[in-house]
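# Per-entry structural report
If you want the building blocks of each chain, they are given just below.
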Amino acid sequence: MFDLKAIRDDPQAFDQGLARRGRAPQTPAILALDKEWRAAETKAQELQAERNKLSREIGAAKAKGGDAADLMRLVAESKDEEARLGVEAARLKGEVDALLAGIPNLPAADVPDGTDEHGNVQVRLHGEPRRFAFPAKDHVALGEGLGLMDFARAGKLSGARFVVLSGALAQLERALGAFMLDLHTREFGYTEISPPLLVRDETAYGTGQLPKSADDMFKTTNGLWLIPTAETPLTNLVAGEILDEAKLPMRVTAWTPCFRSEAGAAGKDTRGMIRQHQFEKVELVSIAHPDQSAEEHERMTGCAEEVLKRLDLPYRVMLLCSGDMGAAAQKTYDIEVWLPGQDTYREISSCSNCGEYQARRMNARFKPKAGKGNRYVHTLNGSALAVGRTLIAVLENHQKEDGSVAVPAALQPYMGGLKVIRLDG
RNA sequence: GGAUGGGUGGCCGAGCGGUUUAAGGCACCGGUCUUGAAAACCGGCGAGGGUGCAAGCUCUCCGUGAGUUCGAAUCUCACCCCAUCCGCCA
């Protein structure tokens, strides 16, 4: 959502921002509707003011035991017109709001221009792409080879894009989630949250999944949405609230399943665990002061990177270009992990600063110590990390020629001291 | 799922058809007093919008949405949420 006043003040800047995202100018339509709405609103309010005044006079007359029939007739005369204008104003405002709600966030100034992922810029590289003296297997070959990753049975239970993990791989998934949570809570000051996995329309709207991405989510028969990411419940924790400035930044984390219908991804990443309807993810969310959100964004990205460092996984950090960012983001870093089985880097985390885009939709504000009024907070979210894809990365990067997999030292305490996952267990 | 009681500003809480312009308190801000602080006292203090250069004027908001009325926080209906009890249940 956007500040209508800012759009009125500088429509050019707004459309230029949209152009960077490859969007057509929106302000002519917005401002035309806005003008109509304000005209209707002003007229309706004038009639309301008049009616309020007359009603007070009626009250006063009746209190004195007088006759108010003339005044009451006067009110009745303008009633239809007032109602008509009121409905008209509400309709126009609804149109403006609907238009604004569908527009993506404007890119931050330091986001590179571009139309797709080819415009992204590498900002950091950590480690070297791993090479083996033997042909690298992908996670499917490794997992199935170990007898611990079963797509056939998952298909029997649930269909495509599901997996059954067992034994040491099920344990590895649990170890990864627990390790990540411990890192973020103990070393980076995040508060662990166990949120609902089903949310209402308003909640999905607040973070921007609705109205645009309804097709990407699963809906229950009683109208709730299965969360596509813990960003949704975590960010909405502060919806409708006026926070104490001293409490910022508020940092929360959760390890949850995520559910995605992958409606537009037919044929993409159909092999293996890369793209599933259900996966686990540890999410970081910060509710930050507007002056500190850029700094918080860097910090959050660093927290996600730390997970990869401790698991000894090579990665690079990409600054997304204007055309490749999600709708809510004003700036996004993707972290891509090296996958030897695919001989490429694949996204394993996405850390975004959403500025006040989500805060406006959620009506999440804080009371500044200095100055008057309330200000919108900035919201940030980042995966740290996507557990399913981290599991893939561990398998592929720590594989050995015989198909066994070394457990990174950081995870061994979470696996009962297990050092190597091998065929016989 | 059934019954009952509730949802009022940042928080607590009164109000249950017309000076509500939402009492009172807490918190917060400014001031007096003080070496400083506390206490006490005085004053200020909800949000969003329209209009205007501005001072100001004005509209909306008491869970949400409809309705009754000249006039609704207050009455009616539906829905949502919370609490308690009962039922069911991991």
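So, here is what we can say about the structure in this document. (Residues numbered from 1 in each chain as written. Chains lettered and ligands numbered in written order. Predicted model: local features only at pLDDT ≥ 70, side-chain atom pairs only at ≥ 80, totals over all residues. Heavy atoms only, no water.)

### Regarding the overall build of chain A
Within chain A, the secondary structure is distributed over 12 helices and 17 strands. For chain A, the spread of C-alpha atoms along the three principal axes comes to 100 × 45 × 40 Å. Burial statistics for chain A: of 425 residues in total, 48% are counted as buried. Intrachain contacts of chain A at a sequence separation of at least 6 include 73% that bridge at least 24 residues. When the accessible surface of chain A is totalled, it reaches about 20,100 Å², and 50% of it is carbon and sulfur. (Helix = DSSP H or I, 4+ residues; strand = E, 2+ residues; numbered from the N terminus. Buried < 20%, exposed > 50% of the residue type's maximum accessible area, 1.4 Å probe, protein only. Contact = heavy atoms within 4.5 Å. Areas by Shrake-Rupley, 256 points an atom, 1.4 Å probe, with all protein chains shown as cover.)

### Describing the pairing of strand S9 (residues 278-288)
Most of S9 is tucked away: 10 of the 11 residues are buried. The pairing of S9 with strand S15 (residues 378-386) spans 7 bridges and is classified as antiparallel. Directly across from Lys-281, in S15, lies its bridge partner Ala-386. (Pairing = 2+ DSSP bridges.)

### Let's talk about helix H10 (residues 293-310)
The periodicity of an α-helix, 3.6 residues per turn, causes residues three or four places apart in sequence to face the same way. Taking 1.5 Å of rise per residue, the 18 residues of H10 would be expected to cover 26 Å, and the 26 Å separating its terminal C-alpha atoms lies within 8% of that figure. Taken together, the buried positions of H10 are occupied by Ser-293, Glu-296, His-297, Met-300, Thr-301, Cys-303, Ala-304, Glu-305, Glu-306, Val-307 and Leu-308. Of the residues trailing H10, Asp-312 is marked for its positive phi of about 55°. (Expected span 1.5 Å × (residues − 1).)

### Brief notes about the pairing of strand S12 (residues 344-353)
Among the 10 residues that make up S12, 7 are buried, leaving the element largely enclosed by the rest of the structure. Pairing geometry for strand S11 (residues 331-339) and S12, over 9 bridges, is antiparallel. Following the sheet pairing, Tyr-333 is matched in S12 by Cys-351. Taking the residues between adjacent antiparallel strands as the criterion, S11 and S12 are bridged by 4 residues, where Asp-343 takes a positive phi near 55°. When S12 meets S15, the two strands line up antiparallel, connected through 3 bridges.

### A word on helix H7 (residues 167-186)
In this model H7 runs 28 Å from its N-terminal to its C-terminal C-alpha over 20 residues, within 8% of the 28 Å that 1.5 Å per residue would give. Residues of H7 that are buried: Ala-168, Leu-169, Leu-172, Ala-175, Leu-176, Gly-177, Phe-179, Met-180, Leu-181, Asp-182, Leu-183 and His-184.

### Topic: the pattern of salt bridges
Summed over the entire model, instances satisfying the criterion amount to 27 salt bridges. Salt-bridge contacts for Arg-91 lead to Glu-95; the nearest nitrogen and oxygen are separated by 2.5 Å. Highlighted residues: Arg-91 and Glu-95, both in helix H4 (residues 69-101), separated by 4 residues, approximately one helical turn. The closest approach of N and O atoms between Glu-187 and Arg-310, which form a salt bridge, is 2.7 Å. Here Glu-187, found in the loop between H7 and strand S4 (191-192), pairs with Arg-310, found in helix H10; they are 123 residues apart in sequence, far enough to count as distant. The exposure class of Glu-187 is partly exposed, given its relative accessible area of 46%. (Salt bridge = Lys/Arg side-chain N within 4 Å of Asp/Glu carboxyl O.)

### Observations concerning the sheet that holds strand S14 (residues 375-376)
If you trace the 3 strands from one edge of the open sheet to the other, you get S7-S13-S14, paired in mixed fashion. Each edge of the open sheet is held by one strand with a lone partner, namely strand S7 (242-244) and S14. Note: S7 against strand S13 (residues 365-367), 3 bridges, orientation parallel. Paired with Asp-244 across the two strands is Lys-367, which belongs to S13.

### Brief notes about the state of the cysteines
Per the counting criterion, the structure on display carries 0 disulfides. The cysteine Cys-303 is free of any disulfide, with Cys-351 supplying the nearest cysteine sulfur at 8.6 Å. On the basis of relative accessibility, which here comes to 2%, the residue Cys-303 falls in the buried class. Lacking any disulfide linkage, Cys-354 is separated from the closest cysteine sulfur, that of Cys-351, by 11 Å. Its relative accessible area of 1% is what places Cys-354 among the buried residues. (Disulfide = S-S within 2.5 Å.)

### Thoughts on the protein's contact with RNA strand B
Near RNA strand B lie 21 residues; those nearest to it are Arg-8, Thr-42, Gln-45, Ser-55 and Arg-200. Protein-adjacent atoms of RNA strand B, using a 4 Å cutoff, are sugar or phosphate at a proportion of 79%. Between RNA strand B and the protein, one listed contact pairs a phosphate oxygen with a side-chain N or O atom of Arg-8 at 2.8 Å. Arg-365 is positioned such that a nitrogen or oxygen atom in its side chain is 3.0 Å from a sugar or linking oxygen of RNA strand B. Residue assignment for the surface near RNA strand B shows that the elements contributing at least two residues are helix H1 (4-9), helix H3 (27-63) and H4. Broken down by element, the surface near RNA strand B gets its largest block of residues, 12 residues, from H3. (Near = heavy atom within 4 Å. Polar contact = N/O pair within 3.5 Å; in protein donor to acceptor, adjacent residues only side chain to side chain.)

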